[in-house]
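The residues making up each chain are set out below.
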Amino acid sequence: MATKLLEDLPGVGPATAEKLREAGFNTVEAIAVASPGELVAAAEVGEATAAKIIAGAREAADVGGFETGDRILERRKLVGKVTTSSKSFNELLGGGMETQSIVELYGEFGSGKTQVAHQLAINVQMPREMGGLNGSAVIIDTENTFRPERIAQMVKGLPPAPEGQSWEPDEFLEHISVARAFNSNHQILLAESAMDLAEKLRDSEKPVRLLIVDSVTAHFRAEYIGRGTLADRQQKLNKHLHDLMRFADLNNALILVTNQVMSKPDTFFGDPTKPVGGHVLGHTATFRLYLRKSKGEKRIARLVDSPNLPDGEAVFSVTMEGLKD
Ligand code: GTP
Ligand code: MG
């Protein structure tokens, strides 16, 4: 898809484009899903102009309409799968983690969510014959748990590189873009900037095929405390998840999000064994995986609900050299 400029939209001159960008509306897609009120505030235009701009953006971005089944099938044919490095985990997922979907990993602290995310950021870069997608990874890190050293360790555990090549940890790190999110608003903004980054890399050697948000719920959970704020929180989280789903569709990318469940009873968020985010996340995530610790390095992944796969469990290990069977 060619990059479209805000200036090409009807009703948008250079000054309006500038104001829109300043307010965070960096792409035609972002405008396409905005409300007129938001644009009125952001660009100091009238209600009618705002509506015209949005209509133009929707047309340009090709969003908001119905799509016929055959076109959806066409798009589904492009779905790629990324290996987890564990045969049993892959089998549970019908081959690996799929692009054009959101995979939610939920589980207690130490259950391995961040480890799986690190492994996938590596694996997505491998060639297709090896279970990768020859793509780049983007990580929105809300808990400051991304560790380049861990990537280097895991690269050592990869199967041998194709003839005449070698795996260089630095090269893998070059194709992982990481941003720290300091609060939930920042996290939402970063998801939008990730869209720009993906657009830039779309025609490159390694287009973005994986977006990780680790953790997707922690900031929301910390900031919206008490029952009175629940609706607000769910609404924002819902918008964020829809941004992520759009990212998945537009870039043929896999979205991997993590979500912690507490072992302690949690009065604000109801059932302690249920993931934070409740139904909003449940209905948006296309694959939900519940991770739990077993003996030593062993971890158990349970597929909770998926559109086309049976529920089940897989056992894998988190070793020094990454995920293994
Ligand atoms: P929270 O983010 O706290 O909710 O936990 P998480 O689910 O993200 O857990 P994480 O993926 O960080 O898993 C931590 C666990 O992974 C540790 O307790 C170790 O068991 C394992 N682990 C982490 N690093 C290494 C390593 O270098 N070698 C080995 N063998 N295991 C590791
Ligand atoms: Mg973690």
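The shown structure was predicted, so the numbers you read here are calculated from the model rather than taken from an experiment. (Residues numbered from 1 in each chain as written. Chains lettered and ligands numbered in written order. Predicted model: local features only at pLDDT ≥ 70, side-chain atom pairs only at ≥ 80, totals over all residues. Heavy atoms only, no water.)

K.L.:
Describe the overall build of the protein, naming the residues involved and giving the relevant values.
P.N.:
Across its full length, the protein holds 13 helices and 11 strands. Computed over C-alpha atoms, the radius of gyration of the protein comes to 20 Å, within 12% of the 20 Å expected from 2.2 N^0.38 for 325 residues, which places it in the range of a compact globule. C-alpha atoms of the protein, sized along the principal axes, occupy 60 × 55 × 40 Å. By the burial criterion, 49% of the 325 residues in the protein qualify as buried. (Helix = DSSP H or I, 4+ residues; strand = E, 2+ residues; numbered from the N terminus. Rg over C-alpha atoms; globule rule 2.2 N^0.38 Å. Buried < 20%, exposed > 50% of the residue type's maximum accessible area, 1.4 Å probe, protein only.)

K.L.:
Can you lay out the sheet that holds strand β5 (residues 176–180) for me, pointing to particular residues and giving the numbers?
P.N.:
Spatial strand order, β5-β4-β6-β7-β3-β8-β9-β10-β11: 9 strands in an open sheet with mixed pairing. Two strands lie at the open edges of the sheet, namely β5 and β11 (322–324), each paired on one side alone. Each strand axis lies, on average, 25° off the axis of its neighbour in the sheet, ignoring direction. Across the sheet, helix α7 (residues 113–123) touches β3 (101–107), β4 (136–141), β5, β6 (208–214), β7 (254–260), β8 (287–293), β10 (312–319) and β11, and the angle it forms with β7 is around 165°. (Pairing = 2+ DSSP bridges. Axes fitted to C-alpha atoms, helices over the stretch in contact; angles between N-to-C directions. Contact = heavy atoms within 4.5 Å.)

K.L.:
I'd love a proper account of the domain arrangement of the protein, names of residues and values included.
P.N.:
Taken as a whole, the protein is organised into domain 1 (6–61) and domain 2 (76–324). Computed from C-alpha atoms alone, the centre-to-centre distance between domain 1 and domain 2 is 32 Å. Across the boundary between the two partners, domain 1 contributes 5 residues, which contact 5 residues of domain 2. Taken together, both faces of the contact between domain 1 and domain 2 bury some 500 Å²; the carbon and sulfur share is 51%. For the interface between domain 1 and domain 2, the tally reads 0 residue pairs in polar contact (both at pLDDT 80 or more). Classifying every residue of the side of domain 1 that touches domain 2 by side-chain character gives 1 nonpolar, 3 polar and 1 charged. (Domains from an automatic or database assignment. Buried area = accessible area lost by both parts, 1.4 Å probe. Polar contact = N/O pair within 3.5 Å; in protein donor to acceptor, adjacent residues only side chain to side chain. Nonpolar A, V, L, I, M, F, W, Y, C, P; charged D, E, K, R; others polar.)

K.L.:
Break down the nonpolar core for me, citing the residues and quoting the values.
P.N.:
One finds F89, M97, V116, L210, L256 and L289 to be the most contacted residues of the largest nonpolar core, which totals 38 residues. In terms of residues, this core owes the most to one element, α7, which gives 5 residues. Residues in contact with L289, not counting those within four places in the same chain, are F89, L92, L93, M97, V103, E104, L105, Y106, R302 and L303. Core analysis: the next-biggest nonpolar cluster, separate from the first, contains 25 residues, L190, V208, L237 and I255 among them. (Core = buried A, V, L, I, M, F, W, Y, C linked by side-chain atoms within 4.5 Å.)

K.L.:
Explain the site of ligand 1 to me, using residue names and the numbers behind them.
P.N.:
The environment of ligand 1 is made up of 17 residues, and the closest members are G110, K113, T114, Q115 and Q260. At 2.7 Å, a side-chain N or O of T114 approaches an oxygen atom of ligand 1. For ligand 1, whose unbound accessible area comes to 660 Å², protein coverage reaches 68%. Elements supplying a minimum of two residues to the shell around ligand 1: α7, α8 (148–156) and β10. (Near = heavy atom within 4 Å. Areas by Shrake-Rupley, 256 points an atom, 1.4 Å probe, with all protein chains shown as cover.)

K.L.:
Any details on the packing of helix α1 (residues 14–22) against helix α3 (residues 36–43)? Residues and values, ideally.
P.N.:
One can describe the packing of α1 onto α3 by two numbers: an axis separation of 8 Å at closest approach and a directional angle of 105°. Taken together, the axis directions place α1 and α3 in an arrangement best described as roughly perpendicular. On the side of α1, the interface is formed by T16, K19 and L20, while α3 contributes L39, A42 and A43. Here the residues of the contact of α1 with α3 sort into 4 nonpolar, 1 polar and 1 charged. (Parallel < 35°, antiparallel > 145°, perpendicular 65-115°, else oblique.)

K.L.:
Give me unusual backbone geometry: which residues, what numbers.
P.N.:
Cis geometry marks the peptide bond from D214 to S215; its omega dihedral reads 0°. Tracing the sequence through the fold places S215 in the loop between β6 and α11 (218–223). Of note in the backbone geometry, E44 takes a positive phi value of approximately 50° without being a glycine. Of note, E44 is situated in the loop between α3 and α4 (47–61). Non-glycine residue Q100 carries a positive phi angle of around 60°. For Q100, the location among the structural elements is in the loop between β2 (97–98) and β3. With relative accessibility at 8%, the residue Q100 sits in the buried group.

K.L.:
Pulling in residues and values, what's your account of the pattern of salt bridges?
P.N.:
Enumeration over the complete set of coordinates arrives at 10 salt bridges. In this structure, the salt-bridge partner of R75 is D249, at a minimum N-O distance of 3.5 Å. Here R75 is found in helix α5 (residues 69–76), whereas its partner D249 is found in helix α12 (residues 230–251), with 174 residues between them in sequence. On the accessibility criterion, R75 (24% relative accessible area) is partly exposed. A residue is classified by how much of its surface remains accessible, and D249, at 33% relative accessible area, is partly exposed. Across the pair K239 and E192 runs a salt bridge, and its minimum N-O distance is 3.5 Å. Highlighted residues: K239 in helix α12 and E192 in helix α10 (residues 184–201), separated in sequence by 47 residues. By relative accessible area, which is 23% here, E192 ends up partly exposed. (Salt bridge = Lys/Arg side-chain N within 4 Å of Asp/Glu carboxyl O.)

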